[in-house]
Amino acid sequence: MHIMEGYLDPLWCVVWFVVMAPFFIAGVIKLRKILAEHPEQKMTVALSGAFIFLLSSLKLPSVTGSCSHPTGTGIAVVFYGVGVCAVLSTIVLVFQALLLAHGGFTTLGANCVSMGIIGPLCGLLLWRVCRGAGAGAFVSMFVAAFIADLMTYVVTAFQMALNIMTAGDGNFVDALIDFLSIYAVTQIPLAIVEGIVLGMFAHYLFTSRPEIFEITESNKLNPLSTEA
Amino acid sequence: MSEQVEMDELAYSSRMVNWAPLGKLLFVMCLLIVGIVTDSILVPIISFTIGILLMAYSTNLKLPLLIILAIGEAILIMVLGSGMISILGDHSQPAIWEGQFLWFSIYMTEDSFNLAWLIFFRAIAGVTLMLAFASSTPIPLLSYALKGLRIPNEIIELVVLIYRYAFLLLERFLIMIDAAQCRLGYNGSMTAMKSYAGAMAGTFIFSMELAEKSEAALACRNYDGTFPIFRRPANMSVLWVILSFGLAIGLYVFGMYTGDVINPAKLFAPLFGWDL
């Protein structure tokens with residue numbers, strides 16, 4: 001879903017960086033608190049980032065100036081919240097731009113907002129709703145990962161349609177429908193697969209190491225929360 | 001993902017590995033930004049040329065096949081993306097091509113066609129510049145250099161850890177994929193999905209075990225949050241700042257006067273029979 005380098009107008013590059021900044025800063029503050037209070041979490045946080053990198057590198061070209069792939073952010077957001085997920089996603093996005101020619105520097109803000117903030121925020125919300133309703137780990141994680149993945153692509157389509165509207169004076173609604181419909185072909189099956197995989201994973205963890213999920217209870221829905 | 005391994009090897013053997021990482025980063029960022037703030041197609045073409053020349057010098061013209069394939073894949077995405085821009089033109093302008101394909105309504109105007117070419121060259125220039133940087137700058141050296149920008153130590157540490165663990169996870173993931181293939185794990189879409197899901201779940205579970213082992217292993221080596229580097233990267237000199245900003249300003253001014261020099265729609269008009 002990463003928007004390629006050079007695709008966005010300078011205006012939108014700045015706008016999305018400004019949108020991303022407070023979440024990123026809140027994430028850094030929270031991350032520092034987590035690592036100070038629970039140093040043993042350092043490796044798990046890093047591995048969550050590496051896992052996001054691994055999953056989101058499995059890409060398929062999509063007819064939109066972007067591509068489709070699992071996002072892998074469902075786990076990170078459930079464990080550490082939106083802010084930390086935004087930080088991890090930013091690091092991963094920089095690696096992908098540099099090492100895989102996937103995404104870009106000027107589009108980093110837009111890509112982080114879609115993959116690292118809004119998508120995961122929706123996923124976390126659904127995780128909370130499902131857990132509150134008494135759903136099991138598999139169902140809750142399936143819903144969270146599925147929605148996090150889909151919302152990431154909805155936001156990306158929205159960002160690109162906005163850009164089409166201002167850069168080329170194109171019709172926003174037409175562009176949004178075109179982008180969404182193309183993404184849907186590749187992304188809905190991928191989101192289902194990602195949901196199943198992460199659901200299986202959550203079920204395994206919940207039965208073998210339930211203490212890991214204790215940290216998820218302390219996560220605030222407020223994406224700007226810095227409480228560890 | 002194997003591109004990452006290739007890129008790491010390439011970076012350590014680059015002829016530009018001893019150049020200041022922050023200097024290279026500033027240079028690339030200046031060219032990327034000037035590329036998107038000018039409307040002249042010549043500016044991204046010049047940036048693309050600079051990127052190609054730097055990449056050729058950095059790698060001694062020995063780009064691994066995997067990297068070439070990655071660039072090819074990126075170009076494919078760019079072609080598709082630029083194509084989308086070209087068919088979503090402003091309906092208040094006359095169309096040079098109008099029609100319907102599946103659910104797409106095609107409305108290509110001269111402006112949307114020209115914009116598509118501009119964005120294509122911006123994107124391709126961005127890829128060559130970023131790869132020139134990546135193929136000459138190992139991530140551990142870059143993260144060390146980032147300390148000079150007062151980026152929090154925790155973030156720098158995470159950058160290095162994520163980078164290192166990505167290799168380990170990749171190795172394990174590829175083993176699982178190969179094992180699934182040996183058991184005809186991709187015979188049919190449902191089986192393929194299960195194999196794919198199993199490999200991903202297995203990789204994460206492995207990563208949790210790896211985290212515990214790594215913590216103990218690093219603690220045994222007195223790990224205090226920093227990874228020592230024996231050959232420290234060069235510091236960014238004033239020359240880098242002058243070169244980067246000078247070139248960016250020069251290209252911006254050049255772009256102001258060459259905005260209309262190349263009109264791709266008029267170039268292609270005879271080929272497609274467009275009446276412009």
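Residues numbered from 1 in each chain as written. Chains lettered and ligands numbered in written order. Predicted model: local features only at pLDDT ≥ 70, side-chain atom pairs only at ≥ 80, totals over all residues.

Moving on, we get to the overall build of chain B. Counting its regular elements, chain B contains 10 helices and two strands. The N-to-C order of helical and strand elements in chain B reads α-α-α-α-β-β-α-α-α-α-α-α. Against the globule reference of 19 Å for 276 residues, chain B gives a C-alpha radius of gyration of 23 Å, more extended than a compact globule. Its C-alpha atoms put chain B at 75 × 60 × 35 Å along the principal axes. Per-residue burial for chain B yields a buried fraction of 40% across its 276 residues. (Helix = DSSP H or I, 4+ residues; strand = E, 2+ residues; numbered from the N terminus. Rg over C-alpha atoms; globule rule 2.2 N^0.38 Å. Buried ≥ 20, exposed ≤ 12 C-beta atoms within 10 Å, placed from the backbone.)

This next bit is on the overall build of chain A. A count of helical and extended segments in chain A gives seven helices and two strands. Reading the secondary structure of chain A in the N-to-C direction produces α-α-β-β-α-α-α-α-α. A buried classification covers 66% of the 228 residues belonging to chain A. Excluding contacts between residues fewer than 6 apart, the proportion of contacts in chain A whose partners are at least 24 apart in sequence is 76%. (Contact = placed C-beta atoms within 7 Å.)

Attention now goes to the packing of helix 4 (residues 108-132) of chain A against helix 5 (residues 137-167) of chain A. All names here are of chain A. Closest axis-to-axis distance for the helix 4/helix 5 pair is 7 Å, and the angle between their directions is 150 degrees. The pairing of helix 4 with helix 5 is recorded here as roughly antiparallel in orientation. Considering how the two elements wind past one another, helix 4 and helix 5 form a crossing that is right-handed. Taken together, the residues that form the contact of helix 4 with helix 5 break down as 18 nonpolar, seven polar and two charged. (Axes fitted to C-alpha atoms, helices over the stretch in contact; angles between N-to-C directions. Parallel < 35°, antiparallel > 145°, perpendicular 65-115°, else oblique. Left-handed = near helix turned anticlockwise from the far one by under 90°. Nonpolar A, V, L, I, M, F, W, Y, C, P; charged D, E, K, R; others polar.)

Let us look at the domain arrangement of chain B. Parsing chain B into structural domains produces domain 1 (2-137 + 237-272) and domain 2 (152-220). Taking the mean C-alpha position of each, domain 1 of chain B and domain 2 of chain B sit 33 Å from one another. (Domains from an automatic or database assignment.)

Attention now moves to the interface of chain A and chain B. Residue-level contacts link 55 residues of chain A with 68 residues of chain B. Those elements giving two or more residues to the side of chain A that touches chain B turn out to be helix 1 (10-37), helix 2 (42-56), strand 2 (66-68), helix 3 (73-100), helix 5 and helix 6 (172-208) of chain A. Among the elements that line the side of chain A that touches chain B, the one with the most residues is helix 2 of chain A, at 11 residues. For the side of chain A that touches chain B, a count of residues per class yields 36 nonpolar, 13 polar and six charged.

Right, let's talk about helix 4 of chain A for a bit. All names here are of chain A. Taking 1.5 Å as the rise per residue, helix 4 with 25 residues should run 36 Å; its terminal C-alpha atoms sit 34 Å apart, in good agreement. Of all the bends in helix 4, the greatest, near 30 degrees, is centred on Pro120. The buried fraction of helix 4 is high, at 19 of 25 residues. One or two steps after helix 4, the chain reaches Gly134, where phi turns positive at roughly 85 degrees. (Expected span 1.5 Å × (residues − 1). Bend = angle between axes of the 7 residues up to and from the residue.)

Here we take up the environment of B:Gln93. All names here are of chain B. Note on placement: Gln93 falls in the loop between helix 4 (65-87) and strand 1 (95-101). Owing to 13 C-beta atoms within 10 Å, Gln93 belongs among the partly exposed residues under this scheme. Once residues lying within four places of it in the same chain are set aside, the contact partners of Gln93 are Thr109 and Asp111.

What follows covers unusual backbone geometry. Residue and element names in this part refer to chain B. Phi at Arg150 takes a positive value of approximately 60 degrees, unusual for a residue other than glycine. For Arg150, the position within the fold is in the loop between helix 6 (139-146) and helix 7 (153-182). Residue classification places Arg150 among the exposed residues on the basis of 7 C-beta atoms within 10 Å.

As a further point, take the confidence of the model for chain B. On average, residues of chain B carry a pLDDT of 84, and 97% of them reach 70 or more. Within chain B, helix 9 (residues 238-257) of chain B carries the highest mean pLDDT (95), whereas helix 1 (residues 2-12) of chain B carries the lowest (73). (pLDDT = per-residue confidence, 0-100.)

What follows deals with the pairing of strand 2 (residues 104-109) of chain B. Residues and elements named next belong to chain B. In terms of strand pairing, strand 1 meets strand 2 through six bridges, oriented antiparallel. Bridging across to strand 2, Gln100 finds its partner in Ser105. Counting the residues between successive antiparallel strands, the hairpin from strand 1 to strand 2 contains two residues, one of them, Leu102, with a positive phi of roughly 50 degrees. (Pairing = 2+ DSSP bridges.)

This part takes up the confidence of the model for chain A. Overall, the predicted model of chain A reaches an average pLDDT of 82, with 86% of residues at or above 70. Of all secondary-structure elements in chain A, the lowest mean pLDDT belongs to strand 1 (residues 60-62) of chain A, at 49, while helix 1 of chain A reaches the highest, 91.

Spacing of three or four residues puts side chains on the same side of an α-helix, whose turn is 3.6 residues. The end-to-end C-alpha distance of helix 5 (residues 110-134) of chain B is 36 Å, a good match for the 36 Å that 25 residues give at a rise of 1.5 Å each. Along helix 5 of chain B, 23 of the 25 residues are buried, which leaves the element largely enclosed by surrounding structure.

Residue and element names in this part refer to chain B. Running from N to C, helix 2 (residues 21-37) and helix 9 cross one another at 10 degrees; their axes reach a closest spacing of 9 Å. Compared by their axis directions, helix 2 and helix 9 come out roughly parallel. Between helix 2 and helix 9, the residues in contact are Gly23, Leu26, Phe27, Cys30, Leu31, Ile33, Val34 and Val37 and Trp240, Val241, Leu243, Ser244, Phe245, Leu247, Ala248, Leu251 and Tyr252, respectively. Residue classes in the contact of helix 2 with helix 9 are distributed as 15 nonpolar, two polar and no charged.

Now for the environment of A:Gly195. All names here are of chain A. Residue placement: Gly195 occurs in helix 6. Between the C-alpha atoms of Gly195 and Phe172, which are 23 residues apart in sequence, the distance is 30 Å. For Gly195, the contacting residues outside a window of four places in its chain are Phe142, Ala145 and Phe146.

Residues and elements named next belong to chain B. Relative to the assigned elements, Leu31 resides in helix 2. A sequence separation of 95 residues divides Leu31 from Gly126, and the C-alpha atoms of the two residues are 8.4 Å apart. Setting aside residues up to four positions removed in sequence, Leu31 forms contacts with Ser47, Ile50, Leu129 and Ala248.

A separate point is the nonpolar core. In a soluble, globular protein the nonpolar side chains are often hidden away together inside. Among the nonpolar cores identified, the biggest contains 165 residues, and A:Ala50, B:Met130 and B:Ile162 are the most heavily contacted of them. Element by element, the count of residues in this core is highest for helix 3 of chain A, at 20 residues. Residue-level mapping places this core at the junction of two domains, with at least three residues from each of domain 1 (2-137 + 237-272) and domain 2 (152-220) of chain B. Excluding anything up to four places from it in sequence, B:Met130 contacts A:Glu5, A:Ala97, A:Leu98, A:Ala101, A:Phe105 and B:Val28. (Core = buried A, V, L, I, M, F, W, Y, C linked by C-beta atoms within 7 Å.)

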